[in-house]
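Spelled out, the chains give:
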Amino acid sequence: MTGPPKALKLEQSHGKGSVRVARVWRGSDGRHSFAEWSVSVSLISDCLSAYISGDNSSIVATDTMKNTVYVKAKECTEITSVEEFAILLGRHFTSSYPQVTAATIKIVEKPWERILVDGLPHTHGFKLGSERHTTDVTMYKHGGLRITSGIEGLALLKTTMSGFEGFVRDQYTILPETRERILATEVTASWRYTFDSLSMVPGKPYCFTERYVNVKKVLVDTFFGPLKEGVYSPSVQNTLYLMAEAVLKRFSDVASVQLKMPNIHFLPVNLSSKDNPSIVKFQDDVYLPTDQPHGTIEATISRPVSKM
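Here the residue index of a chain counts from 1 through its sequence in written order. In keeping with the predicted nature of the model, local features appear solely for residues at pLDDT of at least 70, side-chain atom pairs appear and are counted solely at 80 or more, and the whole-chain, interface and lining totals rest on all residues. Hydrogens are left out, water is left out, and the side-chain values use all remaining heavy atoms of the structure.

Quick word on the overall build of the protein chain
Across its full length, the protein chain holds five helices and twelve strands. Each of the three principal axes of the protein chain carries a C-alpha extent, and together these read 80 × 65 × 45 Å. A burial count over the protein chain gives 37% of its 308 residues as buried. Contact definition: two residues touch when any of their heavy atoms are within 4.5 Å. Put simply, of all contacts in the protein chain between residues at least 6 apart along the chain, 64% involve residues at least 24 apart. Computed with a 1.4 Å probe, the accessible areas rest on the Shrake-Rupley method; for each residue, only the protein chains presented here act as cover. With the model as given, the accessible surface of the protein chain reaches about 18,100 Å², and the carbon-plus-sulfur share is 54%. By definition, any uninterrupted DSSP run of H or I lasting at least four residues is a helix, any uninterrupted run of E lasting at least two residues is a strand, and each is numbered from the N terminus. In this scheme, a residue with accessible area under 20% of its type's maximum is buried, one over 50% is exposed, and one in between is partly exposed, where area comes from a 1.4 Å probe on protein chains only.

Details of the environment of phenylalanine 223
Following the sequence through the fold, phenylalanine 223 ends up in helix α4 (residues 207-224). Look at phenylalanine 223 and you get buried, because its relative accessible area is 1%. Once the C-alpha coordinates of phenylalanine 223 and leucine 183 are considered, the two residues, 40 residues apart in sequence, prove to be 9.8 Å apart. Not counting residues up to four positions away in its chain, the partners in contact with phenylalanine 223 are Leu156, Leu157, Lys158, Leu183, Thr185, Val231, Thr239, Met243 and Met261.

Considering the UniProt feature "binding site: 5-hydroxyisourate" (unreviewed entry) in the protein chain
UniProt positions are given in the numbering used here, feature names are shortened, and annotations may be inferred rather than shown by experiment. Mapped onto this structure's residue numbering, the UniProt feature "binding site: 5-hydroxyisourate" (unreviewed entry) falls at Thr62, Asp63, Phe164, Arg181, Val236, Gln237 and Asn263. Look at the named residues: they lie 202 residues apart in sequence, and the longest C-alpha span between them is 52.3 Å, so in the fold they stay spread out. Here arginine 181 is to be found in the loop between β7 (145-158) and β8 (183-193). Under the relative-accessibility criterion, arginine 181 is labelled buried at 15%. Setting aside its immediate chain neighbours within four residues, arginine 181 contacts Lys158, Thr159, Thr160, Ser162, Gly163, Phe164, Ser235, Val236 and Asn263. Mapped onto the fold, glutamine 237 is located in helix α5 (residues 236-250).

Some words on the nonpolar core
Judged by nonpolar contacts, the single largest core of 59 residues is most densely connected at Trp37, Val39, Phe85, Phe93, Ile147, Trp191 and Leu259. In this structure isoleucine 147 touches Glu83, Ile87, Thr135, Asp136, Val137, Trp191, Arg192, Tyr193, Phe195, Val201 and Phe208, once residues within four positions along its chain are discounted. Put simply, a nonpolar core is a bunch of buried Ala, Val, Leu, Ile, Met, Phe, Trp, Tyr and Cys residues held in one set by side-chain atoms that sit within 4.5 Å of each other.

Observations regarding the pattern of salt bridges
Salt bridges are defined as contacts in which a side-chain nitrogen from Lys or Arg sits within 4 Å of a carboxyl oxygen from Asp or Glu. Summed over the entire model, instances satisfying the criterion amount to 13 salt bridges. A salt bridge links glutamate 165 to arginine 179, with the nearest nitrogen and oxygen atoms 3.0 Å apart. With a gap of 14 residues between them, glutamate 165 in the loop between β7 and β8 and arginine 179 in the loop between β7 and β8 connect regions that are remote in the sequence. Take glutamate 165: its relative accessible area is 38%, and that puts it in the partly exposed class. One salt bridge in this structure joins glutamate 245 and lysine 249, with 3.8 Å as the shortest N-O distance. On the criterion of helical spacing, the pair formed by glutamate 245 and lysine 249 is a turn pair, its members being four residues apart in helix α5.

See below:
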């Protein structure tokens, strides 16, 4: 195959985004399980001729990718996590097409939760929850693997045990220092597994679903602290670091954690005027949720790389 002119460099991939698929699993006991996914497929393949000379003979059509998602979902006869489904799709695309050298599968799972009726779980009833389970899996033809899982939309708030003091002050700073404020955020978290080949992936059913639930619990528990006394947060930065550190300490198969935590502001309300500087003092129990830009804190914390 003739490559691009020497003066040019071509890096390419093609794929299908936002393929929506829902899967119902019907148990022999009459209990149903349900999952709704938005699946995106991206293929890296040897198809330079399509770009250079208009020869499409090596292109896997995006229609094929979409239909493959539906077929493979149908073939999942057992309840399947987003990670397992992404691995399954990655294996299919890299093994079925000689020209495909790598496949990246991204999935966002909509948070349908089983509903309770009179305190008991309904056999086939579900309600929409909040935070979403995500995964980003890259599969290489030679067997290499990269798995990242995550959470989107994890909204957390505590009404005390938070402050912000000692920050840089200059002529543009009007923010007062405080040791008593509401701390609210919407966590976006992702964690990369140490598995770098299919042989390293645990064969235990539901292992990724269990890890997702447990990582979320560690993040939430670290944010809030003990049940009654809580834990003081001197900054979102410190809380973010402690949350990521706790995940790395707890789970040896997690190589790194990335957290994004916007600081959602609730400002204490006090009514005053020029003639009466303090008409009503609310003592920090009435707040104004603000629409002003949130401060966003983001960091990736990784395990040290061992030296050979």
